[in-house]
Amino acid sequence: MPSDMTLEKHRVIAIDGPAASGKSSVSEKLSDHLGFLHVNSGIMYRAFAWSVLRSGIHAGDARAVVEHLHEIQMHCGVSGDKATVTVDGVDPGSELKSSEVNAGVSAVSQVLEVREVLVAKQREYLNVADIVMEGRDIGSVVFPETPYKFFIDASIEVRAQRRSKEGIIDDLAARDAIDSNRVVSPLVASDDAVVIDTSDMTIEEVLVEILDHLYHKGLNQLDEK
Ligand code: DC
């Protein structure tokens, strides 16, 4: 079904931005507030990177990465009100946030075939529910037709502080460089996205700003939980 037809059935709010910009926290709150399904597309890239690394493949070996893509079964679904991802029936769980996955995920995410497969899975969610989907290219590539697009940013210093508070080793500058400069679907704020710099904002303030924009764009308040 063409995506412009599915958009008539369900709505999608696109939340893009760099790592540790606060987009996950605000996407969770926003989806909860509106009763939409929260889908974190980064988790799909992480699950695939986890599988690649577990198989002993170097994340930078694009040929082996593509071969691996065709050997595995990745399932993206819904359980209760949560989006789920399994690879060959296994949920990688907390390993998705490991330093190894952090170090390898941007490399596998720049491979065209990987993006094609995962973008198709991301679009399928619109057949299921109204969604808040976060990522890097949701407003620019996955759902360019949606009127609801946000780009959540923060300074590199603030983002690094947020990560270190979580006790996670994550070379944000290295990931930013690959995610923003790759040839296919780089991290970019669409011209029609609302850009919010969260460096000096609380999650609640970001949520209020997003809701304000959504209502002005006509998202029906009666649809809230
Ligand atoms: O949002 P995150 O930091 O968990 O994403 C992990 C990586 O996945 C990110 O560094 C690049 C990739 N990614 C992507 O290429 N496109 C998306 N829509 C989401 C994530």
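The rules behind these values
Residues numbered from 1 in each chain as written. Predicted model: local features only at pLDDT ≥ 70, side-chain atom pairs only at ≥ 80, totals over all residues. Heavy atoms only, no water. Helix = DSSP H or I, 4+ residues; strand = E, 2+ residues; numbered from the N terminus. Rg over C-alpha atoms; globule rule 2.2 N^0.38 Å. Buried < 20%, exposed > 50% of the residue type's maximum accessible area, 1.4 Å probe, protein only. Contact = heavy atoms within 4.5 Å. Areas by Shrake-Rupley, 256 points an atom, 1.4 Å probe, with all protein chains shown as cover. Near = heavy atom within 4 Å. Polar contact = N/O pair within 3.5 Å; in protein donor to acceptor, adjacent residues only side chain to side chain. Nonpolar A, V, L, I, M, F, W, Y, C, P; charged D, E, K, R; others polar. Core = buried A, V, L, I, M, F, W, Y, C linked by side-chain atoms within 4.5 Å. Arc of directions from axis to C-beta.

Participant: Would you mind going over the overall build of the protein with me for this structure?
Facilitator: Counting its regular elements, the protein contains 10 helices and 7 strands. Computed over C-alpha atoms, the radius of gyration of the protein comes to 17 Å, within 12% of the 17 Å expected from 2.2 N^0.38 for 225 residues, which places it in the range of a compact globule. Each of the three principal axes of the protein carries a C-alpha extent, and together these read 50 × 45 × 30 Å. Counting over 225 residues, the protein shows a buried share of 49%. In the protein, of all internal contacts separated by at least 6 residues, the share reaching a separation of at least 24 is 75%. Here the protein has roughly 10900 Å² of accessible surface; of this, 51% comes from carbon and sulfur atoms.

Participant: Is there a simple way to think about the site of the ligand in this case?
Facilitator: As a structural note, the neighbourhood of the ligand is formed by 16 residues, with Arg-46, Arg-115, Arg-175, Asp-179 and Arg-182 the closest of them. A distance of 3.3 Å separates an oxygen atom of the ligand from a polar atom in the side chain of Lys-23. Within the side chain of Arg-115, one N or O atom sits 2.8 Å away from an oxygen atom of the ligand. If the ligand stood free it would expose 450 Å²; the protein chains cover 97% of that surface. Looking at the shell around the ligand, the elements with two or more residues in it are α3 (41-54), α5 (99-109) and α9 (172-181). No other element matches the 4 residues that α3 contributes to the shell around the ligand. The class makeup of the residues in the shell around the ligand is 3 nonpolar, 5 polar and 8 charged.

Participant: What am I meant to see in the nonpolar core here?
Facilitator: Soluble globular proteins tend to pack their nonpolar side chains together in the buried interior. Ranked by internal contacts, the top residues of the largest apolar core, which has 40 residues, are Phe-48 and Ile-131. In terms of residue count, the dominant contributor to this core is α3 (8 residues).

Participant: Would you mind showing me how to read helix α8 (residues 156-165) here?
Facilitator: Because the α-helix completes a turn every 3.6 residues, residues three or four places apart line up on one side. When α8 is considered as a whole, its buried residues turn out to be Val-158, Arg-159 and Arg-163. Down the axis, α8 shows its buried residues gathered within 135° of arc, on one side only. Facing away from the buried side of α8 by over 90 degrees, the exposed positions are Glu-157, Ser-164 and Lys-165. Structurally, α8 contributes buried residues whose contacts are with α3 and α9. At the exit of α8 stands Gly-167, carrying a positive phi of roughly 70°.

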